Amino acid sequence: MFRSGPSIFRTVVPVFILLTALCVASVASTETYYELDNGMEVVLRENHSAPLAASIIFVKSGSKFESQYENGITHFLEHLLFDGTTHLGRLELDQSVRDLGGYINAFTRKELTAYLCLLPSQYVEYGLAVQADMLFCSTIPEEELAKERKVVLEEISSAADSPGAAAEKFYSAKAFAGTPYARPVLGYAPFIENIPRAAVIDYWRRNYVPANMSILVVGDFQTDSMKAMIQRVFGGIENPTDMASGQADLTFNATIEGQNRFDTVAAVPSTYIDFSFNAPKIDQADFFAVDLLTKYLTMDEISPLWLALKGGADPLASEVSINLVPREEFSRVEVSVISEAAENRDRIVDTVLHVLKTLSTYQADADAIEGLRVSARCEEIYNSEKLHYYGFLIAPLVAAGGWDFIGKYGDNLQAVTWDQCQQAAGRWFDDPAYVVTVVRPAGETEIAFAPETGKADEIVAYFDSTEFPTHDLGKECDFTYPATDEVIFEIEDRAEYHQETLENGLTVIIKSSPDSRVFALSILGKGRSAHESPGQAGITDLVNRCIEKGTITRDAETLVRDLAKIGAEVTLTDNPWIPFDDHYTTRRFSFMKFATIDEFAEEGFDLFSEMVLQPAFDPTQVEKVRGQMMGVLGRAAGSPSKVARDLFYATLFESKAYAEPVMGSPRSIGTISPEDLKAHHAYIYAPENMILSIATSRSVEQVMGWVTDRFGSLTASKEEHKRAAPPDPVSGVKTAHQELDKEQIWVRLGGALPASAAQDYASIAIASSILSNRLYLNLREKQGLAYSVGAGYQFDRDFGWYYSAIGTSPETYQQAVDGIMLEIEKLKLDGPTVAEIAKARNQIWGRLMRSKLMRVNQAYYQAVDNYLGRGLGYDQKLLDGLQTVTVASIRRACSLYFRTDDYVLASAGKKPEN
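Since we're looking at a predicted model, the values are computed, not measured. (Residues numbered from 1 in each chain as written. Predicted model: local features only at pLDDT ≥ 70, side-chain atom pairs only at ≥ 80, totals over all residues. Heavy atoms only, no water.)

**Q** What am I meant to see in the overall build of the protein here?
**A** Helix and strand content of the protein: 30 helices and 22 strands. Here the C-alpha atoms of the protein give a radius of gyration of 27 Å, agreeing with the 29 Å that 2.2 N^0.38 yields for 914 residues. Taking the principal axes of its C-alpha atoms as reference, the protein extends roughly 80 × 75 × 65 Å. Working note: accessible area of the protein is about 34000 Å², and carbon and sulfur atoms make up 49% of it. When the 85 positive and 125 negative side-chain charges of the protein are each reduced to one mean point, those points stand 3 Å apart. (Helix = DSSP H or I, 4+ residues; strand = E, 2+ residues; numbered from the N terminus. Rg over C-alpha atoms; globule rule 2.2 N^0.38 Å. Areas by Shrake-Rupley, 256 points an atom, 1.4 Å probe, with all protein chains shown as cover. Lys, Arg positive; Asp, Glu negative; His and termini not counted. Charge placed at Lys NZ, Arg CZ, Asp CG, Glu CD.)

**Q** I'm lost on the pairing of strand E19 (residues 745–753) in this one. Help?
**A** The two faces of a sheet get side chains in turn, since along a regular strand they alternate between them. Of all nine residues that make up E19, eight are buried, and the element is covered over most of its length. Examined bridge by bridge, E19 and strand E21 (residues 800–808) share nine bridges and lie antiparallel to one another. The residue of E21 that forms the bridge with Ile745 is Thr808. Both E19 and strand E22 (residues 903–909) contribute to a ladder of five bridges, which runs antiparallel. What sits directly across from Val747, in E22, is Ser907. (Buried < 20%, exposed > 50% of the residue type's maximum accessible area, 1.4 Å probe, protein only. Pairing = 2+ DSSP bridges.)

**Q** Got a minute to help me understand the packing of aromatic side chains in this structure?
**A** Both the distance between ring centres and the angle between the ring planes are used here to describe each pair of aromatic rings. Using the criterion set out here, one finds 46 aromatic pairs in the structure. Judged by centre distance (4.9 Å) and plane angle (80°), the ring pair of Tyr860 and Tyr861 falls under edge-to-face. Exposure remark for Tyr860: the relative accessible area of 4% places this residue in the buried category. The ring of Tyr649 has Arg587 lying over it, and the distance from NZ or CZ to the ring centre is 3.9 Å. (Phe/Tyr/Trp six-rings, centres within 6.5 Å; stacked < 30°, edge-to-face > 60°. Lys NZ or Arg CZ within 6 Å of the ring centre and 35° of its normal.)

**Q** Quick question: what am I supposed to make of the pattern of salt bridges here?
**A** If the charged atoms of two oppositely charged side chains come close together, the side chains can form a pair. As enumerated under the stated definition, the model contains 51 salt bridges in all. One salt bridge connects Asp365 with Arg561, and the closest N-O pair in it is separated by 2.6 Å. Of this pair, Asp365 sits in the loop between helix H12 (345–357) and helix H13 (366–383) while Arg561 is found in helix H18 (residues 556–565), placing the two residues 196 residues apart along the sequence. Of the residues examined, Arg561 reaches a relative accessible area of 10% and is grouped as buried. Of the charged contacts, one joins Asp901 and Arg899 as a salt bridge, the two residues approaching to 2.8 Å between their closest N and O atoms. Judged by relative accessible area, Asp901 falls into the partly exposed class, the value being 37%. Ionic contacts of the salt-bridge type, sharing partners, join the residues Asp83, Arg90, Glu144, Lys147, Glu148, Arg780 and Glu781 into one network. (Salt bridge = Lys/Arg side-chain N within 4 Å of Asp/Glu carboxyl O.)

**Q** In this structure, what is going on with the environment of Arg332? I would like to understand it.
**A** Within the fold, Arg332 resides in strand E10 (residues 331–339). Among all residues touching Arg332, those that are not within four sequence positions of it are Ala175, Phe176, Ala254, Ile256, Ser276, Phe277, Asn278, Ala279, Asn323, Leu324 and Val325. Of note is the side chain of Arg332, whose polar atom sits 2.7 Å from the backbone oxygen of Ala254. Of the polar contacts made by the side chain of Arg332, one reaches the side chain of Ser276; its length is 2.9 Å. (Contact = heavy atoms within 4.5 Å. Polar contact = N/O pair within 3.5 Å; in protein donor to acceptor, adjacent residues only side chain to side chain.)

**Q** Which parts of the structure should I look at to understand the sheet that holds E22?
**A** Within a beta sheet, neighbouring strands are joined by backbone hydrogen bonds and run either parallel or antiparallel to one another. The five strands are arranged E18-E22-E19-E21-E20 in an open sheet whose pairing can be described as mixed. What marks the edges here is a single partner per strand, and that holds for strand E18 (733–739) and strand E20 (789–795). Neighbouring strand axes in the sheet, compared pairwise and without regard to direction, differ in orientation by 15° on average. Across the sheet, helix H25 (residues 761–782) is in contact with E19, E20 and E21; its angle to E20 comes to roughly 165°. (Axes fitted to C-alpha atoms, helices over the stretch in contact; angles between N-to-C directions.)

**Q** Help me understand the packing of helix H19 (residues 601–613) against helix H24 (residues 700–711), please; the structure alone is not making it clear to me.
**A** What describes two packed helices is the angle between their axes and the distance between those same axes. Where H19 meets H24, the closest approach of the two axes is 11 Å, and the angle between their N-to-C directions is 30°. Considering the angle they form, H19 stands roughly parallel to H24. In the crossing of H19 with H24, the sense of the turn from one axis to the other is right-handed. Contacts between H19 and H24 pair Ala601, Glu602, Phe605, Asp606, Ser609, Glu610 and Leu613 from the former with Trp706, Val707, Arg710 and Phe711 from the latter. Of the residues belonging to the contact of H19 with H24, the class tally is six nonpolar, one polar and four charged. (Parallel < 35°, antiparallel > 145°, perpendicular 65-115°, else oblique. Left-handed = near helix turned anticlockwise from the far one by under 90°. Nonpolar A, V, L, I, M, F, W, Y, C, P; charged D, E, K, R; others polar.)

**Q** Please clarify how helix H20 (residues 619–636) should be interpreted in this entry.
**A** Counting along an α-helix, one turn takes 3.6 residues, and residues three or four places apart therefore face a common direction. Between its first and last C-alpha, H20 extends 25 Å over 18 residues, near the 26 Å set by a 1.5 Å rise per residue. Burial in H20 covers these residues: Gln621, Val622, Lys624, Val625, Arg626, Gln628, Met629, Gly631, Val632, Leu633 and Arg635. Capping the start of H20, Asp618 holds a side-chain oxygen 3.1 Å from the backbone nitrogen of Thr620, two or three residues further along. (Expected span 1.5 Å × (residues − 1).)

**Q** I would appreciate a short explanation of the nonpolar core in the present structure.
**A** Soluble globular proteins: nonpolar side chains tend toward being buried together. Judged by nonpolar contacts, the single largest core of 124 residues is most densely connected at Phe58, Phe275, Phe277 and Val352. Of the residues forming this core, the biggest block, 13 residues, is contributed by helix H14 (residues 388–414). Grouped together as the second largest cluster of nonpolar side chains are 65 residues, Leu80, Ala129, Leu186 and Cys477 included. (Core = buried A, V, L, I, M, F, W, Y, C linked by side-chain atoms within 4.5 Å.)

**Q** Mind showing me how you'd approach the sheet that holds strand E7 (residues 259–266) here?
**A** Spatially, E7-E11-E8-E10-E9 is the arrangement adopted by the five strands of the open sheet, whose pairing is mixed. Since the sheet does not close on itself, it has two edges, and those belong to E7 and strand E9 (319–326), each with one partner. On average, each strand axis in the sheet is tilted by 15° relative to the strand beside it, whichever way the strands run. Here E7 runs beside strand E11 (residues 434–441); their pairing, made up of eight bridges, is parallel. Residue pairing in the sheet places Val265 in a bridge with Arg440 of E11.

**Q** Would you mind showing me how to read unusual backbone geometry here?
**A** If a residue is not glycine, its phi is most likely negative; likewise, a peptide bond is most likely trans. Phi angles above zero are rare outside glycine, and Ile140 is one such case at about 45°. Here Ile140 shows up in the loop between helix H4 (124–137) and helix H5 (142–160). Given the relative accessible area of 0%, Ile140 is considered buried. Located in the positive-phi region is Phe617, a residue other than glycine, with phi close to 50°. When you line up the elements, Phe617 lands in the loop between H19 and H20.

Here it is in structure tokens:
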């Protein structure tokens, strides 16, 4: 899985996104495919929309290739390859890339492992050299194994604490029984605790060979120059002479036979019903027909599956998803349903089977099908802006279908007719074989399902009785790192900017540039939590979720269809299925994000304006959204990281608006009426309380005309708008803890920043980055106390706050807290080194560039800057300010603001008694 950087926590993306992401293949202006003499596949895809380039190396080495006694070795190896090479030490590997404003990471899947690096274009060859060094020249030091074991064990514990972990493990064990796909990618604790270095090296040398790899480079480069770089870095690396011994034999039968249901109870907050059906492989004729069919079944308000499970006044389920998941050996259609009512489980199973059986005669909505085709075309353009994230999305498909499949995907999908979908449905779903697992919350007297944890005795015996071959670790490592020029902190921006306040108080910001075909806008409602009345915490989140459920003139079904016709992407909340995806949700303001392509810019602007200004708040739809929110809140209540975060705010901002949970509670959400929603919508999205930010290739004059037509006639509210109150000064140590029966305990420690701290913004930013680096280095990399650890800060208009966070085992709780306090004290007393300041400055620059790769994020951050009182062109001002930071200014800022005598300490999980 993703390695967590100093302030970047673990990320997982739902499977349903993967196939859509393939469409990006046809967007790039230039695409080249070839092989090196050593068999390494190379795909080069030029994209000059940003001065960055990403290199993603895919190794055909995933957990499915592991033997019975190797489960977890692939992921463990991924971690170890960051621990030093014959050229660079552990710290240099990671930090040298980030010091150049880059990002380096890796993730392991069942089919492969991927290593990605994103850098400013001028440093891309350095990034390639780092990747080659890791993959072929690592030393895997014996002294690093103990620490890395602890880190991976913490990652296993963190994964086990996710709300649906037990249901997912039960499903995998049943749906993929008898295949290597049943084994977890992270492996089992007894294996991680006992695997010897020789076994890891042997596995690495058998699998990490050029002929077993492919590299995708996407971004701002010239193809001929990149081909020369690839040859210099990878062309001279040879394959071993005993290649045949590399991969394990993967002969198995994954075809589901019969109709199989498995029920159990577990420590889960909801009832999880998960189906797995046989499906056509990538090379079978029905594949694209089933793909289009499953896409149709995902459409809210239109899909017969969605309507059967989530329609009506009393829906059976709170969440429904359906995915076509292709593998190299087989494919499956997976249907996942979550219900807050365990008594509905039998009806849900019957309903899913009934809907699938009727698909062979079902007549799809023609407009919706066309909308899916348009959406796929627009998705090509959206994904072309994502660079390294694209590699993360497509990784499993690279293994399943190869580059030729990816390149032709869009055209093949466009050619499918609904008649073909019906025929395929008849063949695959009229009387299907399947596995369905039903996992409901365990009652007080019921014995909960306990996932397999590995057989320690057998694993120890295996390693004790096995002699692993020795390998030469340095023979491929005769290459030279390219020189890197000094980072120049300048932002080349050829865009035209315009900012204006309409007579009704609406703030409008427009960025016009030809760099992208995406038309994007973002709306911020100022003072999110400050505007929520007592007892109505979370009402803004409920309002936003209802925005896409119909307007005064369009019902929910019509709205979904019309959005699909223009391939629109609408984001009104963070994604609850992605852990730590709460980047945009904040107590400071609400957000709405919208994107379409230039072709549909005016139509899209009009449609989204209608959604924002004229939501229906239909009582039936409100109840559906309320039920969905109740499920999200229930699952979040079992997350140690989320609970610790809310406890931190509740303690720091005691009796203030920010003390309330930003998404509310079941009690507050349960009492909000449609009339309450209408009143709150009119209040928080009054023109004088909104910021409308647009990024486009259209002219400023044209877009301002649209804005004036749609928003200019709005009347300013007569109500007074509130600003959030700062927290009271913290005196001493204020603690809060919530006990949860979980593997890990999460800690969040920090305090307030006064309004005067804004003048020290640059010093605080660099100090926070340095603190995060040190926590990562000392608490994770040296002591192995955590998988996720970091530090951060946020500013509001009149105050701010800082924090450090870590997820660790209960046994190391005090050591982790003491470690955070020690690093803060050292930064205050000794200050940073000049080199640390330079590194942090470069890292902030890199994060700034990465955060604005996508047009929709450019619009969003323009609005945020305006909310915080920053003018246009703030990015360059920030970079200039970072240049003025010194050792003395950081010591001063840390002494003033990073208190070790007055602070808040919030935690959630199992807390040791002493």
